[in-house]
Amino acid sequence: MKIKIFLILLTPLFCFTQIDISKISKKLNPESKASQKEISKGLTEALSQGCNYAVNEASKENGFNNNALIRIPFPKEAKKIKKTLTDIGFKKSIKEFEIKMNEAAENASKESLNILLNELKKIKFNDAKEILKGEDNAATKYLERNSYDSLFSKFTPIVKKSMNKVQVYKYWNPLIKKYNSIPLSKKINPNLDEYITSKTIRGLFKLIEIEEKEIRTNPKKRISEILKKVFK
């Protein structure tokens, strides 16, 4: 009788231990059964899907302006300009300028897909398995680190063209002129071309991150066989 009671008491403990070990084992061995080549292909396809998602989201009307994650704010280095001019009644003009910056980013994004995909083709995932086991945005960050300088060079003329199209400087020049005319103010004139180009690229990568996380965590987002094999 005592032996039976002992076994009854021991059974839950044994089951708990088994479950615990299973979890630990799974955590310590997250290796994909896919080969290095397949993982590289899967990461490339996931990022390609992310690029398409990012461009579609960013280039739609108010894609930047109404998205708090990527909205381009008044240049940080010129925050004194914003505060000073807001205090003297230029709040509406500042808002209009910010809208135009984001509109420029949205228009530039329409021409960005081929540039992003061409950069993606150049990437070699030499440590593909480590990227796969990394954070939810590991592949996106890898692409960003390895392509940012090239993207910045290619994006700059596109952003400049977009800025001219939506007349960003028409809204910026009166603001900077007014600020610099204020007695004792330190003359400031940020490079808007560089600023908006950088923010446009960063915004696109933020959206690519979102899609990468979805592919990693949501099976419905794995729309091809290679994605299903690599990210299971």
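Residues numbered from 1 in each chain as written. Predicted model: local features only at pLDDT ≥ 70, side-chain atom pairs only at ≥ 80, totals over all residues. Heavy atoms only, no water.

(A) Structural detail: the packing of aromatic side chains. All chains considered together, the criterion is met by five aromatic pairs. Relative to phenylalanine 97, the ring of phenylalanine 74 has its centre 5.6 Å away and its plane inclined at 75 degrees; by these criteria the two rings are edge-to-face. Here phenylalanine 74 is found in the loop between helix 2 (36-59) and helix 3 (79-87), whereas its partner phenylalanine 97 is found in helix 4 (residues 91-109), with 23 residues between them in sequence. Note on accessibility: phenylalanine 74 and phenylalanine 97 belong to one class, buried. Pairwise contacts between aromatic rings join Phe74, Phe97 and Trp172 into one cluster. Positioned above the aromatic ring of tyrosine 148, the side-chain terminus of arginine 202 is 4.1 Å from the ring centre. (Phe/Tyr/Trp six-rings, centres within 6.5 Å; stacked < 30°, edge-to-face > 60°. Helix = DSSP H or I, 4+ residues; strand = E, 2+ residues; numbered from the N terminus. Buried < 20%, exposed > 50% of the residue type's maximum accessible area, 1.4 Å probe, protein only. Lys NZ or Arg CZ within 6 Å of the ring centre and 35° of its normal.)

(B) Region of the structure containing the side chain of serine 40. Here serine 40 shows up in helix 2. Discounting chain neighbours no more than four positions away, the residues touching serine 40 are Phe125 and Ala128. (Contact = heavy atoms within 4.5 Å.)

(C) Local environment of the pattern of salt bridges. The final tally for this structure, using the stated rule, is 18 salt bridges. Note that lysine 161 is salt-bridged to glutamate 111, the shortest N-O span being 3.2 Å. Of the two residues, lysine 161 is situated in helix 7 (residues 138-166) and glutamate 111 in the loop between helix 4 and helix 5 (113-122); the sequence distance between them amounts to 50 residues. For glutamate 225, the salt bridge identified is with lysine 228, shortest N-O distance 3.7 Å. Of this pair, glutamate 225 and lysine 228 are both found in helix 10 (residues 225-230), three residues apart, which corresponds to roughly one turn of the helix. Through salt bridges with shared partners, a single network forms among Lys141, Glu144, Arg202, Lys206 and Glu209. (Salt bridge = Lys/Arg side-chain N within 4 Å of Asp/Glu carboxyl O.)

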